[in-house]
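# Notes for the structure review
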Amino acid sequence: MSSSRAAPLLEVDGLVKHFPIRAGVFGRVKGAVRAVDGVSFALDPGETLGVVGESGCGKSTLGRLVLRLIEPSAGTVRFAGTDLGTLDARALRAERRAMQIVFQDPYASLNPRMTVRQILAEALDLHGLHVGDRSERVAELLRTVGLAPEHGERYPHEFSGGQRQRIGIARALAVEPRLVVCDEAVSALDVSVQAQVINLLRDLQRRLGLAYLFIAHDLAVVKHIATRVAVMYLGRIVELADKEALFAAPRHPYTQALLAAVPVPEPGVERERVLLTGDVPSPVTPPSGCHFHTRCIHARALCAEVSPPLERDAATLGRDGAGHTVACHFWREIAAAGGARVAPPPRPVDARLALLQSAFIASAAAHPEHYFQEVRP
Ligand SMILES: Nc1ncnc2c1ncn2[C@@H]1O[C@H](COP(=O)(O)OP(=O)(O)OP(=O)(O)O)[C@@H](O)[C@H]1O
Ligand code: SF4
Ligand SMILES: [Mg+2]
């Protein structure tokens, strides 16, 4: 990391989470699910790190570890310079105000018996905020996410999926966070509604200086919102790079396969060859050496024996010193032999992206009030 880089908001170092597997009447530990297995990265204020990977790769566990909703087995999380592991419960609660989460299904996390106003007021209560002018703050939050103050009197079931996600975002914003973990926050929404919510998240980021850890399956969505992207496989980051570099020239065979495997939603558009075959192996007994060797078309003997370190390419130090890092013994050879030839051109991603982009433009034109709101500093 270069000395010119600003102090990161979030620093994750060697993070590990092994969930014990217990069996028998005495609940003896028989093994462990290695959900997160040595993850390190940094996130700057106002930046969006996309986290991608197949189901079960440890993305949500990483998000929960970052917020200290679960205890790590090893490693540290520093937020604004403070090691969260050193804080007692009270100090951690105070620190958490600055770190919020938005889930895939806001309906499941919104109390159906409370009005939206009560839900937002409860979030303020939790941290003793806006004791006097609460109704004004609730109205302001609703306006910020493109809803009307009158919506505060309604119950969650009276809203559409996209509106409910806006309520989830308003609740996260209520406590004025600096970091928001978005865990599949738009995955359940239609493409046009996804576009509205992503536009809203980007707009809020620009105005409020938020940093996002944006967890998603959908690479086209990540391509739209992320500034950098981390690719996870079986609990480890296998590639981390600026978004442009990652999409233009993916280096890790897993990233190349993920980009090739993106589904194409439009009829008539031909699918590219899907290179990623088989399921993700169990995180209880991950493959030796490079976890990906059982599915990698470039694997050699060394791959099953030695785990490749996450290596930074000195030639790509980039604007902030973060550079392009990859964990593969042979990435240089693969790139020299035309890695892009192995990974089909990113046409499917672009097709999906074109669809999203047209939805962005359409939704911004139809609902300018969602994008040009005033908020109090
Ligand atoms: N509380 C838990 N106890 C035991 N195992 C768990 C627990 N939470 C997660 N796991 C396991 O850890 C692994 C990683 O799960 P995680 O939910 O982090 O993956 P993910 O990448 O978010 O997947 P998805 O894309 O399906 O949301 C999985 O094998 C999961 O079954
Ligand atoms: S280290 Fe070997 S198995 Fe792993 S990604 Fe690279 S070539 Fe494939
Ligand atoms: Mg998940």
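Criteria and thresholds
- Residues numbered from 1 in each chain as written.
- Chains lettered and ligands numbered in written order.
- Predicted model: local features only at pLDDT ≥ 70, side-chain atom pairs only at ≥ 80, totals over all residues.
- Core = buried A, V, L, I, M, F, W, Y, C linked by C-beta atoms within 7 Å.
- Buried ≥ 20, exposed ≤ 12 C-beta atoms within 10 Å, placed from the backbone.
- Helix = DSSP H or I, 4+ residues; strand = E, 2+ residues; numbered from the N terminus.
- Contact = placed C-beta atoms within 7 Å.
- Pairing = 2+ DSSP bridges.
- Axes fitted to C-alpha atoms, helices over the stretch in contact; angles between N-to-C directions.
- Near = placed C-beta within 6 Å.
- Nonpolar A, V, L, I, M, F, W, Y, C, P; charged D, E, K, R; others polar.

### Some thoughts on the nonpolar core
Leu 213, Phe 214 and Val 231 are the most contacted members of the largest nonpolar core, which totals 92 residues. Examining the composition of this core, we find that six residues originate from one element, helix 7 (residues 191-208), more than from any other. Once you skip the residues sitting within four places of it in the chain, Val 231 turns out to touch Val 52, Gly 53, Ile 237, Val 238, Glu 239, His 252, Tyr 254, Thr 255 and Leu 258.

### Quick notes on the sheet that holds strand 10 (residues 236-242)
Spatially, 6-7-8-3-9-10-12-11 is the arrangement adopted by the eight strands of the open sheet, whose pairing is mixed. Both edges of this open sheet fall to strand 6 (99-102) and strand 11 (311-313), since each of them pairs with a single strand only. Averaged over all adjacent pairs, the angle separating strand axes in this sheet is 20°, with direction ignored. Examined bridge by bridge, strand 11 and strand 12 (residues 324-326) share three bridges and lie antiparallel to one another. Paired with Arg 312 across the strands is Thr 325, a residue of strand 12. Contacts between helix 1 (residues 59-66) and the sheet are confined to strand 3 (48-52), strand 6, strand 7 (179-183), strand 8 (211-215) and strand 9 (228-233), with strand 8 contributing the most and set at about 155° to the helix.

### What about the site of ligand 1?
If you check the shell around ligand 1, you find Phe 19, Val 33, Ala 35, Gly 53, Ser 55, Gly 56, Cys 57, Gly 58, Lys 59, Ser 60, Thr 61 and Pro 283 and nothing else. Those elements that place two or more of their residues in the shell around ligand 1 are strand 2 (28-43) and helix 1. It is helix 1 that contributes the most residues to the shell around ligand 1, three residues altogether. Class assignment of the residues belonging to the shell around ligand 1 gives a composition of five nonpolar, six polar and one charged.

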